[in-house]
Amino acid sequence: MRNLRSLALGLLPLTALLASCATTGSDSSLNTVQAEPVSVFSDEQVRLVANRAADWQLANLDGLESYIRFISRETPNPRGWVKGTFFLGLADYAEVTDQSRYFDALGAIANREEWNLGKRLYHADDHLVGQVYFRLARNGVQGADLKPTRTAFDSILADPPKTQMMHPDKHGDPGCAKRWCWSDALFMAPATWWDASVTFGEPAYADYAHSEFQVATDLLFDKDVGLYYRDSRFFDRRGADGEKLFWSRGNGWVYGGLVNILRTMPDDDPRRAYYVDLFRKMSDRLVQIQAGNGMWRASLLASSETPPETSGTGFFVYGLAWGLNEGLLEGTRYSEAVNKGWSALVANVDAEGRLGYVQQVGDRPEGVQPDDRQFYGVGAFLLAAGQILQSDQK
């Protein structure tokens, strides 16, 4: 297996790196993401910048109005997908770096929430936090209680949803939301179900997850392009350049979800090849369309220059680095994509640890600003950091 760091283009001292990407006061216009990215693959540098991002976000779980431009109804929810993605990235990073203080912080939150999932029984977004709970339990966090997750999943299996998968073009929760009818759902729920199957020794959870994942993929995956539509509303829509509309973060959710499933399911499961095949097809397309600055455009197939976007890029770096670490991807085109993508991400973490250029909550490619921040962007960044750090260990 090729060592990611041996392919680095060169190292900068961290002080120089932070000087190049830091902002002065509240002015984020000094961000240098458009510059040629530098490699920052030493353990010390990766941990320093990742710890800085994790610590800033952990210290700013509240007071959201002061730094988040668009606050959805789910943003403050400690059991929801917005914070849940950060919690998952933090738990993963804590495990890789053996930093118990992060587990302590997450355990306190889980205990306060009594280890419950979100309130919507069937909604994928409310299953994501279960992945955090399983991770905390495996790492011996005091008070871990997985019974609420098991009870919820048993209720679903007792009355599985039968709604159609086409997404109605209207505001509010679509009629198909009891099933995984949108790409984001494939990050939120399936890996939680696989984790439940492995943890409790219950095949029915994995069977349900696999069946529903297949239904979603049959609907949303464009085999010719190798990418997922966000949902059925986007089949015939086109972007500003006339391109098919494939949303960066929407595909980031799927790609990160594939990795989380593959990291959880048994190696000898006969269904594993299905997910590996999807992962490799997406990987091939992603390295082809990475922008010259190391990022991926918000509309992945757009031909014109667009602002950088860090949440989709974070998930793509996470997946590509994991694929290299596990030997599922081989070759310099993947390692160079990781190198450029990680360097571009780091260039958007300021001296305080704030990650910028995170597209706000939405369901399609939209504009993004240098000081746009969101919990899920940091979660993706920490997932990527964990895989960068593991490249030497592999």
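A brief structural summary.

Here is what the cut-offs are and how they apply
Residues numbered from 1 in each chain as written. Predicted model: local features only at pLDDT ≥ 70, side-chain atom pairs only at ≥ 80, totals over all residues. Heavy atoms only, no water. Disulfide = S-S within 2.5 Å. Buried < 20%, exposed > 50% of the residue type's maximum accessible area, 1.4 Å probe, protein only. Phe/Tyr/Trp six-rings, centres within 6.5 Å; stacked < 30°, edge-to-face > 60°. Helix = DSSP H or I, 4+ residues; strand = E, 2+ residues; numbered from the N terminus. Polar contact = N/O pair within 3.5 Å; in protein donor to acceptor, adjacent residues only side chain to side chain. Contact = heavy atoms within 4.5 Å. Salt bridge = Lys/Arg side-chain N within 4 Å of Asp/Glu carboxyl O. Axes fitted to C-alpha atoms, helices over the stretch in contact; angles between N-to-C directions. Parallel < 35°, antiparallel > 145°, perpendicular 65-115°, else oblique. Left-handed = near helix turned anticlockwise from the far one by under 90°. Nonpolar A, V, L, I, M, F, W, Y, C, P; charged D, E, K, R; others polar.

Moving on to the state of the cysteines. This model, assessed by the stated rule, comprises 1 disulfide. With its sulfur 2.0 Å from that of its partner, Cys-176 forms a disulfide with Cys-181. A torsion of 55° about the S-S bond marks the disulfide between Cys-176 and Cys-181 as right-handed. Under the relative-accessibility criterion, Cys-176 is labelled buried at 0%. In this structure Cys-181 comes out as buried when scored by relative accessible area, which is 0%.

To continue, consider the packing of aromatic side chains. Tallying each qualifying case throughout the model produces 30 aromatic pairs. When the centroid spacing of 6.0 Å and the interplanar angle of 65° are considered together, the rings of Trp-193 and Tyr-205 count as edge-to-face. One end of the pair, Trp-193, is in helix H8 (residues 190-200); the other, Tyr-205, is in helix H9 (residues 203-220), with 12 residues separating them in the sequence. Each of the two residues, Trp-193 as well as Tyr-205, counts as buried. Considering the side-chain rings of Trp-194 and Tyr-275, the 6.3 Å spacing of their centres and the 90° angle between planes classify their relative orientation as edge-to-face.

With that settled, consider the side chain of Arg-230. Mapping Arg-230 onto the fold places it in the loop between strand S2 (227-228) and helix H10 (248-264). Residue class for Arg-230 comes out buried when judged on its relative accessible area of 11%. At 2.9 Å, the side chain of Arg-230 and the side chain of Asp-231 are in polar contact. Sequence-distant contacts of Arg-230, defined by excluding residues within four places in its chain, comprise His-167, Cys-181, Trp-182, Ser-183, Asp-184, Leu-220, Trp-247 and Asp-363.

A word on the pattern of salt bridges. Across all of its chains, the model carries 25 salt bridges by this definition. Residues Asp-363 and Arg-364 are paired through a salt bridge, measuring 2.7 Å at the closest nitrogen-oxygen approach. Overlapping salt bridges, with partners in common, bring together Asp-184, Arg-230, Asp-231, Arg-233, Asp-363 and Arg-364 in one network.

We now examine the packing of helix H11 (residues 272-289) against helix H12 (residues 310-326). Relative orientation of the contacting elements H11 and H12 amounts to 120°, with a least axis distance of 11 Å. Accordingly, the angle class assigned to the pair H11 and H12 is oblique. Once H11 is placed against H12, the crossing between them reads as left-handed. Here Phe-279, Ser-283, Leu-286 and Val-287 of H11 lie close against H12, whose contacting residues are Phe-316, Gly-319, Leu-320, Trp-322 and Gly-323. Classifying every residue of the contact of H11 with H12 by side-chain character gives 6 nonpolar, 3 polar and no charged.

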